[in-house]
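# An overview of the molecular structure
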Amino acid sequence: MQPIPPEQSLIEYPSAFPIKVMGENVDGFVHAVTQVAEQFDPGFDASTVELRPSKGGKYLGVTITVTATSREQLDELYRTLTTHPMVKVVL
């Protein structure tokens, strides 16, 4: 796959980029998501994390906002999150 030239990207880098991660509402889920965010964004601020439990409380939506520095960084972040065993969906 060819990298997208910066002039064709819809995202300006660097920028604040929100990512919604959903999984079961279990101990350690939020920590697991924030640890992945910190791997890709050393300046990640965990105090900006937003939590939204499902109506029944079984699932939890976690919105993290990372500083996106490149398409490659975001692709790798999405790949890491989607392959995490605690994560069900990444948007």
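Summarised in this report is the structure supplied together with it. Values in this document were obtained by computation on a predicted structure and should not be read as measured data.

## What to know about the pattern of salt bridges
- Taken as a whole and judged by the stated rule, the model has 3 salt bridges.
- A salt bridge links glutamate 24 to lysine 88; its shortest N-O distance comes to 3.8 Å. Here lysine 88 lies in strand S4 (residues 87-90) and glutamate 24 lies in strand S1 (residues 15-24), a separation of 64 residues in the sequence.
- Note that arginine 71 and aspartate 75 form a salt bridge whose closest N and O atoms lie 3.1 Å from each other. Here arginine 71 and its partner aspartate 75 are both found in helix H2 (residues 71-82), 4 residues apart, which amounts to about one turn of the helix.
- Owing to a relative accessible area of 34%, arginine 71 belongs among the partly exposed residues under this scheme.

Thresholds, definitions, all that
- Residues numbered from 1 in each chain as written.
- Predicted model: local features only at pLDDT ≥ 70, side-chain atom pairs only at ≥ 80, totals over all residues.
- Heavy atoms only, no water.
- Salt bridge = Lys/Arg side-chain N within 4 Å of Asp/Glu carboxyl O.
- Helix = DSSP H or I, 4+ residues; strand = E, 2+ residues; numbered from the N terminus.
- Buried < 20%, exposed > 50% of the residue type's maximum accessible area, 1.4 Å probe, protein only.

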